[in-house]
Amino acid sequence: MNSLPCIVVLYNPDDGTCVWQKLTNQTIERTRGGEGKGFFVKVPLNQVFLDAASNEKLLAFTSLPEHIVNYNFLLSQKKFMQIIQNGGVVKLHSSEWVNKSCGRGDTELIVDDGNGVEKYAYPYWFPHTPYTMVFPRLFPWADFAADEDFFEDEDKECWQDYNCFYDKKEDKWLVVGDSFEEFRKKLNPMRSINHSGEVAEYMMILSLNDLGRAFLAVDEFVSKNQPYSDVRPRIGVEIIYEKDKIK
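Rules behind the numbers
Residues numbered from 1 in each chain as written. Predicted model: local features only at pLDDT ≥ 70, side-chain atom pairs only at ≥ 80, totals over all residues. Heavy atoms only, no water. Helix = DSSP H or I, 4+ residues; strand = E, 2+ residues; numbered from the N terminus. Rg over C-alpha atoms; globule rule 2.2 N^0.38 Å. Buried < 20%, exposed > 50% of the residue type's maximum accessible area, 1.4 Å probe, protein only. Contact = heavy atoms within 4.5 Å. Areas by Shrake-Rupley, 256 points an atom, 1.4 Å probe, with all protein chains shown as cover. Lys, Arg positive; Asp, Glu negative; His and termini not counted. Charge placed at Lys NZ, Arg CZ, Asp CG, Glu CD. Pairing = 2+ DSSP bridges. Core = buried A, V, L, I, M, F, W, Y, C linked by side-chain atoms within 4.5 Å. Expected span 1.5 Å × (residues − 1). Arc of directions from axis to C-beta.

**A look at the overall build of the chain**
Within the chain, the regular secondary structure consists of 8 helices and 12 strands. Against the globule reference of 18 Å for 247 residues, the chain gives a C-alpha radius of gyration of 27 Å, more extended than a compact globule. Every one of the 247 residues in the chain was classed for burial, and the buried ones make up 29%. Considering only contacts in the chain between residues 6 or more positions apart, those separated by 24 or more positions represent 56%. Here the chain displays about 17,300 Å² of accessible surface, and carbon together with sulfur accounts for 55% of that area. Treating the 28 positive side-chain charges of the chain as one cloud and the 38 negative ones as another, the clouds have centres 9 Å apart.

In structure tokens, the structure reads:
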């Protein structure tokens with residue numbers, strides 16, 4: 001038996017509809033009243049694929065163990081981790097409507113693998129949750145650092161307000177506190193530009209954290225043929241398979 005839920009989908013090219021059925025011990029039947037060697041599945045014509053009723057049923061099938069769900073989530077973002085590992089650049093650009101409790105905003109990854117730049121949208125809203133808390137959950141394998149080029153003007157203006165004095169006679173700014181470089185080191189790496197008190201705009205560069213590096217190491221290991229794979233008890237597997245078939 002497969003640990004993952006399996007379904008069969010039948011497509012009608014004449015009207016573009018699809019019907020489906022879940023594959024289980026209950027829906028898969030033997031031919032000839034249970035005595036035949038073949039198998040068949042009855043697919044209800046009223047069980048339309050991806051309509052409102054079917055969506056609810058299909059989502060109910062995804063009750064996988066938590067560790068499988070988490071691994072699959074990381075696997076879906078493996079491409080971005082590998083690009084960073086290979087020297088590419090992955091940036092997170094997001095605009096958060098800070099006065100909206102519905103979590104309205106736009107989020108995308110800007111990915112440069114050395115051969116070109118692609119953008120990947122994350123069209124989700126995150127109600128009642130600041131985006132500074134959302135990002136580590138959405139990309140748990142990453143550390144975040146502000147894109148200093150993007151924040152250059154904003155950081156310089158803030159630095160002048162707190163660490164400089166404008167000398168009208170000399171017509172220039174005089175540093176009375178931290179240097180610009182020292183000031184930037186003290187800033188929050190997950191900062192944003194405030195647009196009229198309504199939108200917080202983020203631009204961050206992602207790097208691999210301990211989880212990201214460990215995941216790539218584990219994924220590389222489990223993806224390769226290991227020495228012990230050729231000495232597994234194949235007879236035992238066949239016996240188990242025959243027992244399952246009898247059931």
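**A word on unusual backbone geometry**
Positive phi, close to 60°, is recorded for His-128, a residue that is not glycine. With respect to the helices and strands, His-128 occurs in the loop between β7 (117-121) and α4 (131-138). The backbone of Ser-196 sits at a positive phi, close to 60°, despite the residue not being glycine. With respect to the helices and strands, Ser-196 occurs in the loop between β11 (193-195) and β12 (199-208).

**A short note on the pairing of strand β9 (residues 164-167)**
With 4 bridges connecting them, β9 and strand β10 (residues 172-175) associate as antiparallel partners. The partner of Cys-164 across the bridge, within β10, is Val-175. Once β9 ends, the chain turns through 4 residues before running back antiparallel as β10, passing Asp-171 with a positive phi of about 55°.

**Topic: the nonpolar core**
Grouped together as the largest cluster of nonpolar side chains are 27 residues, with contacts concentrated most on Leu-109, Phe-139, Trp-141, Phe-144 and Leu-206. Elements with a minimum of two residues in this core: α3 (78-85), β5 (89-97), β6 (105-112), α4, β8 (142-146), β12 and α7 (210-222). The greatest single-element share of this core, amounting to 5 residues, is contributed by β12. Leu-206 has contacts with Ile-84, Val-90, Lys-91, Leu-92, Leu-109, Phe-139, Trp-141, Ala-142, Asp-143 and Phe-144, leaving out every residue within four places of it along the chain. Judged by nonpolar contacts, the second largest core, of 5 residues, contains Ile-110, Ala-146, Ile-193 and Met-203.

**Description of helix α5 (residues 152-163)**
Its 12 residues place the ends of α5 16 Å apart at the C-alpha level, agreeing with the 16 Å of an ideal helix rising 1.5 Å per residue. Buried residues of α5: Asp-155, Trp-159, Gln-160 and Asn-163, and no others. For α5, the arc enclosing every buried residue in end-on projection is 135°, short of the 170-degree limit, so these residues lie on one face. Of the exposed residues in α5, those oriented more than 90 degrees away from the buried face are Asp-153, Glu-157 and Asp-161. Check the buried side of α5 and you find it contacts β9, β10 and α6 (180-185).

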